[in-house]
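Summary of the model geometry
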Amino acid sequence: MSVLYSPYAKLKPPPPPPLIYPSSTSIFTFPPLHLRLSSSLRCFSSLSSMDAEVGPTLYPLHRTKTIHLVRHAQGIHNVEGDKDYGAYISEALFDAHLTPLGWQQVDNLRNHVQKCGLNKRIDLVIASPLLRTMQTAVGVFGGEGYSDGIEATPLMVANAGQSNRPAISSLNCPAFVAVELCREHLGVHPCDRRRSITEYRPLFPAIDFSLIESDADVLWLADVREENEAVAARGQKFLNWLWSRQEKEIAVVTHSGFLYHTLSVFGNDCHPSVKSEICTHFANCELRSMVIVDRGMMGSNSATTNYPGKIPSGIDLPSDVAEEKHA
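Below is a short write-up of the structure. (Residues numbered from 1 in each chain as written. Predicted model: local features only at pLDDT ≥ 70, side-chain atom pairs only at ≥ 80, totals over all residues. Heavy atoms only, no water.)

**Topic: the pattern of salt bridges**
Short version of the rule: In what follows, salt bridge is the name for a side-chain nitrogen of Lys or Arg lying within 4 Å of a carboxyl oxygen of Asp or Glu. Each helix is a run of H or I in the DSSP string that is no shorter than four residues. Each strand is a run of E no shorter than two, and both are numbered from the N terminus. Three exposure classes are used, based on accessible area relative to the maximum for each residue type with a 1.4 Å probe and protein chains only: buried under 20%, partly exposed in between, and exposed over 50%.
According to the stated counting rule, one finds 15 salt bridges in the structure shown. Linking Asp294 and Arg63 is a salt bridge whose minimum nitrogen-to-oxygen distance equals 3.6 Å. Remark: Arg63 occurs in the loop between strand S2 (19-22) and strand S3 (64-71) and Asp294 occurs in the loop between strand S8 (287-293) and helix H8 (319-325); sequence separation between them is 231 residues. Arg63 shares its class with Asp294; the two are buried. Here Arg225 and Asp192 are joined by a salt bridge, their closest N and O atoms 3.3 Å apart. Remark: Asp192 occurs in the loop between strand S5 (175-178) and helix H4 (197-203) and Arg225 occurs in strand S6 (residues 224-226); sequence separation between them is 33 residues. Both residues of the pair, Arg225 and Asp192, belong to the buried class. Each of the salt bridges in this network shares a partner with another, and the network as a whole consists of Glu180, Arg183, Arg194 and Asp217.

Listed below in structure tokens is the structure:
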């Protein structure tokens with residue numbers, strides 16, 4: 001097996017990505033993190049030295065975006081790979097689907113996001129276009145069980161991907177989009193190779209696959225495994241694309257390796273406990289809420305809650321300015 005760069009490596013380096021910090025809305029995290037921020041403000045430092053005192057910092061609200069990151073539930077490849085790492089090269093694990101235990105994890109996370117109200121806040125759900133991630137995404141964030149007579153395209157048809165589950169409705173839930181940039185490490189492991197989009201569409205009719213350019217999986221190569229650095233670069237490209245979206249609160253259902261290498265570049269100017277919250281490995285079906293901060297005017301969204309004041313116009317000279325004026 002040779003290890004080369006990603007198919008995305010020839011792209012020009014993206015501009016510096018927005019920053020990522022744990023969301024202050026820690027009630028969304030599932031399972032609950034052992035490490036918590038001591039302040040309701042997002043705690044990080046703008047100082048370059050870790051020896052300096054770390055404190056809270058402010059950013060305009062319209063230059064932030066909340067993302068809810070989820071690793072897929074347990075797949076058959078997780079079970080077989082735990083028994084024997086060599087199993088990862090088995091064709092029997094091609095496009096691995098969820099296990100029955102994985103579906104139990106999906107049900108538990110679904111109950112959590114409904115209990116804390118997160119399901120009512122999400123504007124968009126993004127999923128890596130593999131069975132296990134799309135099954136997790138629709139199971140957690142989709143509508144209630146689909147039944148005949150309801151005028152809605154199902155997110156997932158019954159028993160899709162050997163799920164032994166009823167169909168899942170697209171009623172009363174956000175839009176779902178499949179995106180290749182947030183796939184797992186590319187190459188070598190058949191469990192990370194996707195099916196054709198032609199095969200996926202009948203299984204997940206309400207998921208939008210229009211952003212995927214090739215019907216066949218042209219990114220996965222049998223003898224080339226994507227380097228960790230290339231995964232991280234692809235992750236930053238994904239975050240830059242994510243920032244360009246109009247939606248303010250987005251769920252992303254993806255993979256352990258992609259999350260770890262993408263997030264590990266963040267948090268180096270934070271307290272170690274905050275760094276740990278950002279980039280430690282995700283458990284199956286774990287949810288962490290993060291905030292993207294735009295420090296470089298990458299976004300063009302205008303503030304929706306700011307109000308200019310002085311309507312109607314009148315004299316409003318602040319006392320400190322008046323003191324300078326009349327000195």
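**Here's the deal with helix H1 (residues 76-83)**
Put simply, the test is: The directions considered for the arc run from the helix axis to the C-beta atoms. Whether two residues are in contact is decided by their heavy atoms, any of which lying within 4.5 Å being enough.
All of the buried residues along H1 are His77, Asn78 and Gly81. All buried residues of H1 fall inside an arc of 100° around its axis, so they share one side. Lining the buried residues of H1 we find S3 and helix H3 (131-141).

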